[in-house]
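# Report on the structure
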Amino acid sequence: MTGSISSKIKYSGFLSVLILFTLFINKGFAQARKEYTLTHNWKFSKGDVAGAEKTGFNDKSWESVTVPHDWAIKGPFDGNNDVQDVQIVQNGESGKSRKSGRTGGLPFVGVGWYRTQLNAAVFKTGQRAVLLFDGAMSYPKIFVNGVEAGHWAYGYTSFSVDITSFLKPGQENTLAVRLQNLPEASRWYPGAGLYRNVHLIVTDDIHIPVWGTYITTPEINSTFAKVKVKTKVEGQSVNTAGLRLVTAIKDAAGKEVGTTTSDLTETDQSEFEQQLIVKTPALWSPETPNLYTAVSKLYAGDVLKDEYTTTFGIRTIKFEPVKGFSLNGKYRKFKGVNNHHDLGPLGAAINVAALRRQLTILKDMGCDAIRTSHNMPAPELVRLCDEMGFMLMVESFDEWKSPKVTNGYSHLFDEWAEKDMVNMVRRDRNDPAVIMWSIGNEVPDQASVNGNKILTFLKNICHREDPTRPVTAGMDRIKDALDNNFAAALDIPGFNYKPAWYERANTRLPQGFLMGTETASTVSSRGVYKFPVEFFKNKMYADNQSSSYDFEFCVWSQIPDDEFVKQDDLEYVMGEFVWTGFDYLGEPTPYDEKWPSHSSYFGIIDLAGIPKDRYYLYRSRWNTTQPTLHVLPHWTFPGREGQVTPVFCYTSYPSAELFVNGKSMGRQTKDKSSSIKRYRLMWKDVTYAPGNIRVVAYDENGKAAAEETVRTAGKPDHLVLEADRKVIDADGKDLSYVTVKILDKDGNLCPDASNELSFKVTGAGEFKVVANGDAADLELFHLPHMKAFHGMLVVTVASGTKAGKINLTVNAKQIKGASLSVTTK
């Protein structure tokens, strides 16, 4: 591997997505390996049921569910669910207070059981059977035919259990899983149950194990790339002498671009090490997410024993003092966001279509990086980032040994930390999207005397399992972290909400670079505008909303502009990860003590997936391929006539002119001498009068380049439906997200409309969920009706398993309804 871990670190890239699992046998695999996703025919019961693990247990009265499944997302919401009396030290609180919505107000605490039958035909004597759990929330215990076959603790870790000795070949086998969520174990909504996929892998006794390949590219240039493939072999009956491994590398088009064959000659040898050459490699980057696959075929003599496919990429990463981060030799800064793992109205249950939609929205904003705060992500997210071009900071823990919550990870650390870290790294170390590992977030241990020793322990695990990537952590107690050599021990110092410390810290740190691991934490509610327009910390209003003028933030945080200045002016600051990309369930700051708020206000995009105004502020900086021009607020304020109503413009153009009802309010130009005027164009003394506001943007040559007009809306008249995808897969999992807008007779959005809408779905699909983005609305996501929030909401329809048409009809009282069709193929 090129380079070493030091103040000047060079890494070469690679990597692997876990094998692509399907419900049926993947035709790309040999008969020796069969892989199944256990999606259907599960039974579920909430509560601790005696004897539920036994083969003969009667589960006919249990709920029939599909997995992934989040048992708590259907609610109901209640401020007493996981209510926490706690002092949040990192928020600067001086004492305990009651947090009613901290974890979302959903009923995830307690025990749940899942049961299913494993088909007798899938397993024969002499084969191996392994269950792979992508994540199970939490403390999963796995029973096969009434006997405990394995267990885990941390709900975010992927883990496998060899169940071979518990199975009865040729017979039906009972799989039961018990899960338990403890109270006060999280700072956000964790989800509940088998919320990620469960896989059954059946192989020959001699096989390549789960995460059994490790691919690196120690040398890359424009002419060729050296590809190093390590492949493990397992099996109780293994006499490894005579085993042969044939590995072929294929490009994205499926063309073979390299092959090699190796033999094991020693009886106790359990790993192949192969080197191949890829000529004129197509490099991976966010702009060109080129991928390769390595197909490894394991033979004993002429008998094919196993076939294993690893997806990887070829790219170089480098971190240098002063210059910062470069990818494939080009210096760049991370334009990243933090995202929690829930998918809004779907809860924590993983869905590829939902993830792809989130990434598509972020991509248009110009985002190129994601921090998986504060836990291991679903493998589907990692795979999509490989394919769509996002750089990943994969994170492990929110706690080490010092607790933040009563029943958090601190209770697990000593027994489980190394196991969890090893699984995290081995699963994702082949993926080119993964640029760095994060070993913690705002851990109180950063202020302790031995904090850097714990850091070094975790960092060394990462370096042992993957010497090719650096290690970071998000720090908030910067003075302590600097004084006790905590920050100095990281490969990459990560700063949470401390742009004012960047210059001072850089003079004390040996690395010569640093990064904003969490930035901004600005709060806003889509479509909500409060007056007067001023800077506020922890500002609260009677309606539990925050203003979208983007001047409101928390006691520990800033507005985006404060971070922008440091990112632009300090070369050694390598980029930022904004808190957060999407709103998420739980942490409704500043209303975490004021029910009914139950989801966050931090998101650049709301819980329904609708961009807030702030989205366009970031887009104006980050999306360098398409222009941005966005005007706020809306212009429908009955009762504000004659009152000061500022107008802001977020644009990639250097200047713009505002017209109110045809009268020019003057031309504004971005001003580098002001941290606010540098990034926003603002007309602060405009008085409201019904009609319209029009902004004309000018390019660098002073020529009019674009314009946007916002008009005063009349009464709600009709609905308009806009689907993000009009054609989806008939796989029973794919989703189409339909934005519903309430418009006046002239087609203007009615920005204060809150009409109750109802939804009816017929044909080749079903109604899935609905969300409006209102953090204080207790309506349930799974019911086919909801009030609009500031004139909009998003309804989600799911495909069935047969091709056809999904027909969605949306109605409301005294408003013309609308219909839309989605094709499933």
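Let me sum up the structure you'll find in this document. (Residues numbered from 1 in each chain as written. Predicted model: local features only at pLDDT ≥ 70, side-chain atom pairs only at ≥ 80, totals over all residues. Heavy atoms only, no water.)

## Notes on the overall build of the protein chain
Tallying secondary structure elements over the protein chain gives eight helices and 49 strands in all. Scaling as 2.2 N^0.38, a compact globule of 825 residues should have a C-alpha radius of gyration of about 28 Å, and the protein chain matches this with 27 Å. Structurally, the protein chain occupies a C-alpha span of about 85 × 65 × 55 Å along its principal axes. Contacts in the protein chain between residues far apart in sequence, at least 24 positions, make up 70% of those at least 6 positions apart. (Helix = DSSP H or I, 4+ residues; strand = E, 2+ residues; numbered from the N terminus. Rg over C-alpha atoms; globule rule 2.2 N^0.38 Å. Contact = heavy atoms within 4.5 Å.)

## Description of the sheet that holds strand 36 (residues 655–660)
In spatial order, the strands read 37-36-39-40; together these four strands make up an open sheet with antiparallel pairing. Strands with a single pairing partner mark the edges of an open sheet, and in this sheet they are strand 37 (663–669) and strand 40 (704–711). Strand-to-strand twist in this sheet, taken as the mean axis angle between neighbours without regard to direction, amounts to 15°. Alignment of strand 39 (residues 692–698) against strand 40, held across seven bridges, turns out to be antiparallel. Pairing of N692 across the sheet is with R711, part of strand 40. (Pairing = 2+ DSSP bridges. Axes fitted to C-alpha atoms, helices over the stretch in contact; angles between N-to-C directions.)

## Some thoughts on the packing of helix 3 (residues 413–428) against helix 4 (residues 451–465)
Running from N to C, helix 3 and helix 4 cross one another at 30°; their axes reach a closest spacing of 9 Å. In terms of their interaxial angle, helix 3 and helix 4 are classed as roughly parallel. Seen from above, helix 3 lies across helix 4 with right-handed handedness. Contacts between helix 3 and helix 4 involve F413, A417, E418, M421, V422, V425 and R426 from the first element and I454, F457, L458, I461, C462, R464 and E465 from the second. In terms of residue class, the contact of helix 3 with helix 4 is made up of 10 nonpolar, no polar and four charged. (Parallel < 35°, antiparallel > 145°, perpendicular 65-115°, else oblique. Left-handed = near helix turned anticlockwise from the far one by under 90°. Nonpolar A, V, L, I, M, F, W, Y, C, P; charged D, E, K, R; others polar.)

## A short note on the environment of A798
Here A798 lies in strand 47 (residues 792–799). On the basis of relative accessibility, which here comes to 3%, the residue A798 falls in the buried class. Those residues within four positions of A798 in sequence are excluded, and the remaining contacts are D734, L735, G765, E766, K768 and I806. (Buried < 20%, exposed > 50% of the residue type's maximum accessible area, 1.4 Å probe, protein only.)

## Details of the packing of aromatic side chains
Throughout the structure, instances matching the rule amount to 42 aromatic pairs. When the centroid spacing of 4.4 Å and the interplanar angle of 20° are considered together, the rings of F397 and Y409 count as stacked. Pair noted here: F397 is in the loop between strand 26 (391–395) and helix 3 and Y409 is in the loop between strand 26 and helix 3, with a separation of 12 residues, a long-range link. With respect to burial, F397 and Y409 carry one shared label: buried. Grouping aromatic residues by their ring pairs yields a cluster made of Y529, F531, F535, Y549, F551, W635, F637, F648 and Y688. Between R504 and the ring centre of W501, over which it is positioned, the NZ or CZ distance is 4.0 Å. Its guanidinium or amino end placed over the ring of F564, R621 lies 4.1 Å from that ring's centre, counting from NZ or CZ. (Phe/Tyr/Trp six-rings, centres within 6.5 Å; stacked < 30°, edge-to-face > 60°. Lys NZ or Arg CZ within 6 Å of the ring centre and 35° of its normal.)

## A few points about the side chain of D82
Position of D82 relative to the elements: it lies in the loop between strand 4 (63–65) and strand 5 (84–86). At 7.7 Å, R102 is the nearest oppositely charged side chain to D82, a buried residue that forms no salt bridge. At 3.1 Å, the side chain of D82 forms a polar contact with the side chain of Q84. The residues touching D82, leaving out its near neighbours within four places in the chain, are K99, T103, F108, V109, P183 and E184. (Lys, Arg positive; Asp, Glu negative; His and termini not counted. Salt bridge = Lys/Arg side-chain N within 4 Å of Asp/Glu carboxyl O. Polar contact = N/O pair within 3.5 Å; in protein donor to acceptor, adjacent residues only side chain to side chain.)

## Thoughts on helix 4
Every α-helix winds through 3.6 residues per turn, so residues three or four apart in the chain are directed the same way. If you check helix 4, its first and last C-alpha atoms are 22 Å apart, about what 15 residues at 1.5 Å a residue would give, namely 21 Å. Considered for burial, the residues of helix 4 that qualify are G451, N452, I454, L455, L458, K459, I461, C462, H463 and E465. (Expected span 1.5 Å × (residues − 1).)

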